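Listed below, chain by chain, are the residues.
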Amino acid sequence: MKKKVTLKQIAKELDVSISTVSKSLRNSLEIGEETRLKVQAFAKFYNYKPNNIALSLKNRRTKTIGIIIPEIVHYFFSTVINGIEQVANEKGYSVIICLSDDSFDKEVMNMELLAHGSTDGFIMSLSKETQFKKDFHHITEVIDQGMPVVMFDRITDEVHCDKVIIDDKKAAYEAVEFLIKQGRKKIALVTTVDYVSVGKLRTDGYTKALLDNAIPFDDQLIIKIEDVDTCEITISQLLEDKAIDAVFAVNELFAVTILKTAHKIGLSVPKDLAIIAFTDGIISKYSTPTITTVSQSGAKMGKKAAEMLIQRLETEEHEEEDESYTTEIIETHLIERESTD
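Residues numbered from 1 in each chain as written. Predicted model: local features only at pLDDT ≥ 70, side-chain atom pairs only at ≥ 80, totals over all residues. Heavy atoms only, no water.

### Regarding the sheet that holds strand β9 (residues 274-278)
For step 1, the next point in the chain: In space, the 6 strands of this open sheet follow the order β7-β6-β8-β9-β10-β12, with mixed pairing throughout. The open sheet has two edge strands with one neighbour each: β7 (222-225) and β12 (333-335). Here the average twist between neighbouring strands, direction ignored, is 20°.
For step 2, the next point in the chain: As paired strands, strand β6 (residues 187-192) and strand β8 (residues 246-249) are joined by 4 bridges and run parallel to one another. Of the residues in β8, the one forming a bridge with L189 is F248.
For step 3, the next point in the chain: Relative to β7, helix α11 (residues 231-241) is tilted by about 175°, and along the sheet it contacts β6, β7 and β8.
For step 4, the next point in the chain: Packing against the sheet, helix α12 (residues 252-264) makes contact with β6, β7, β8 and β9, and its axis sits at approximately 160° to β9. (Pairing = 2+ DSSP bridges. Helix = DSSP H or I, 4+ residues; strand = E, 2+ residues; numbered from the N terminus. Axes fitted to C-alpha atoms, helices over the stretch in contact; angles between N-to-C directions. Contact = heavy atoms within 4.5 Å.)

### A few points about the packing of aromatic side chains
For step 1, the next point in the chain: If you walk through the whole model with that rule in mind, you get 7 aromatic pairs.
For step 2, the next point in the chain: On the numbers, 5.8 Å between centres and 50° between planes, the contact of F248 with F278 is tilted. Placement of F248 in strand β8 and of F278 in strand β9 is noted, with a sequence separation of 30 residues between them. You'll find F248 and F278 in the same group, each marked buried.
For step 3, the next point in the chain: An aromatic cluster is defined as three or more aromatic residues linked by ring pairs; in this entry it consists of F42, F45 and Y46. (Phe/Tyr/Trp six-rings, centres within 6.5 Å; stacked < 30°, edge-to-face > 60°. Buried < 20%, exposed > 50% of the residue type's maximum accessible area, 1.4 Å probe, protein only.)

### Comments concerning helix α10 (residues 197-212)
For step 1, the next point in the chain: Taking 1.5 Å per residue, 16 residues should reach 22 Å; α10 reaches 23 Å between its end C-alpha atoms and fits that length.
For step 2, the next point in the chain: When α10 is considered as a whole, its buried residues turn out to be S197, V198, G199, R202, T203, G205, Y206, T207, A209 and L210.
For step 3, the next point in the chain: Where α10 ends, the next residue or the one after it, A214, has phi of about 60°, a positive value. (Expected span 1.5 Å × (residues − 1).)

### Concerning the pairing of strand β4 (residues 149-152)
For step 1, the next point in the chain: Along β4, one buried face is formed by V149 and M151 and the opposite face, lined by V150 and F152, is buried too.
For step 2, the next point in the chain: Relative to strand β5 (residues 162-166), β4 is paired through 3 bridges, and the arrangement is parallel. Bridge assignment links M151 to a residue of β5, and that residue is K163.

### Describing the pattern of salt bridges
For step 1, the next point in the chain: Scanning the entire structure with this criterion turns up 15 salt bridges.
For step 2, the next point in the chain: Here E30 and K23 are joined by a salt bridge, their closest N and O atoms 2.8 Å apart.
For step 3, the next point in the chain: Across the pair R154 and D102 runs a salt bridge whose closest N-O atoms are separated by 2.7 Å. Linking R154 in the loop between β4 and β5 with D102 in the loop between β2 (94-99) and α6 (104-115), this pair joins segments that are 52 residues apart in sequence. No difference in accessibility class separates R154 from D102, as the two residues are buried.
For step 4, the next point in the chain: One network of salt bridges, in which partners are shared, links K23, E30 and D135. (Salt bridge = Lys/Arg side-chain N within 4 Å of Asp/Glu carboxyl O.)

### Notes on the sheet that holds β5
For step 1, the next point in the chain: Pairing within the open sheet is parallel, and its 6 strands lie in the order β2-β1-β3-β4-β5-β11. Each having just a single partner strand, β2 and β11 (327-330) make up the two edges of the open sheet. Adjacent strand axes in the sheet meet at a mean angle of 20° when their direction is disregarded.
For step 2, the next point in the chain: With 3 bridges connecting them, strand β3 (residues 121-124) and β4 associate as parallel partners. By the bridge assignment, F122 is partnered in β4 with V149.
For step 3, the next point in the chain: With respect to the sheet, helix α14 (residues 298-313) is in contact with β1 (64-69), β3, β4, β5 and β11, its orientation differing from that of β5 by roughly 170°.

### Details of the environment of V193
For step 1, the next point in the chain: Mapped onto the fold, V193 is located in the loop between β6 and α10.
For step 2, the next point in the chain: By relative accessible area, V193 is classed as buried at 11%.
For step 3, the next point in the chain: C-alpha of V193 to C-alpha of I223: the two residues are 30 residues apart in sequence and 8.9 Å apart in space.
For step 4, the next point in the chain: When sequence neighbours within four positions are dropped, the list of residues in contact with V193 reads K224, I225 and E226.

### A word on the state of the cysteines
For step 1, the next point in the chain: Considering all chains together, one arrives at 0 disulfides under this definition.
For step 2, the next point in the chain: Take C98: it sits in no disulfide, and the sulfur closest to it among the cysteines is that of C161, at 18 Å.
For step 3, the next point in the chain: The class of C98 is buried, set by a relative accessible area of 11%. (Disulfide = S-S within 2.5 Å.)

### Some points on the environment of H333
For step 1, the next point in the chain: Tracing the backbone through its elements, the reader meets H333 in strand β12.
For step 2, the next point in the chain: If we skip the residues at most four places from it in the chain, H333 touches T293, V294 and S295.

### A closer look at the confidence of the model for the protein
For step 1, the next point in the chain: Mean pLDDT over the protein works out to 89, with 93% of the residues at or above the 70 mark.
For step 2, the next point in the chain: Ranking the helices and strands of the protein by mean pLDDT puts β4 first, with 98, and helix α4 (residues 53-59) last, with 43.
For step 3, the next point in the chain: In this model, residues 52-59 is a region of pLDDT below 50 whose contacts with residues beyond four sequence positions or in other chains number 19 contacts.
For step 4, the next point in the chain: Long-range and interchain partners of residues 316-320, a stretch whose pLDDT sits below 50, account for 2 contacts in this model, where long-range means more than four residues apart. (pLDDT = per-residue confidence, 0-100.)

Okay, structure coming up:
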């Protein structure tokens, strides 16, 4: 009997990407005919099957939920996991947590591993690289084979599934407008690269708040950070070169770096510089001064995602599955602390 192979092994053997293998097996015209035929022949020779999802779903439930998140460093993701686990445990489910490390290939491998009978469904937030590549074949593949997926926070409209989000644009708008009402006139934005969905939406909210309040938009006041490890240098340049009086940061790590840098160069917070950040984490509560934040309600988001997934999983087999999907929007609110007047 031939040894069973995986997508990853086929890709390595043929020196192509995992995405190319998957698309070739689905006969996608995006892949050249020669490559498609080579991949299909190799897969046929080794009796490759996409996964055991259908068998797993019909014949045995694992009562396990797979969670795939980009990183664990952000407090937000840990609160989402806590929310998921609370509902899962109440309903008799276990969870398996995988980190994509913001890597597309690792996200694909995690999904393939868990889909082979280890889990009944997925709750996930997309990696940066997946959003950059705009390649969601691994997610649509498991959905097409009957395994439900719920996305949260970083999502895509290109995949039809249930989703849980906050209104990132509205939340950013309200945070920036709060700064404007305090008399701040030159407000900078420290955000992520545009292909990260939440970063782009928060940038849109920032821009709209400025324009709606007749404050000139200056793209020199927006810095987009790709590498968190080097963000301190970029933030230092912003604070030293621009006469700004407020900063809106799209996450807590950026905010605390801004605070630290401001102290280094002799700026007083909030007298000289006001700071607001997304994510109401431990850092914001215990920094000096404490940081005003937009609460993302991670635990609520996690609970809702788990409820939606389990509802899908516990639909009776003889019932026709509902093909309409829901996007739940979790309310946010501003938590005022010492970093604003």
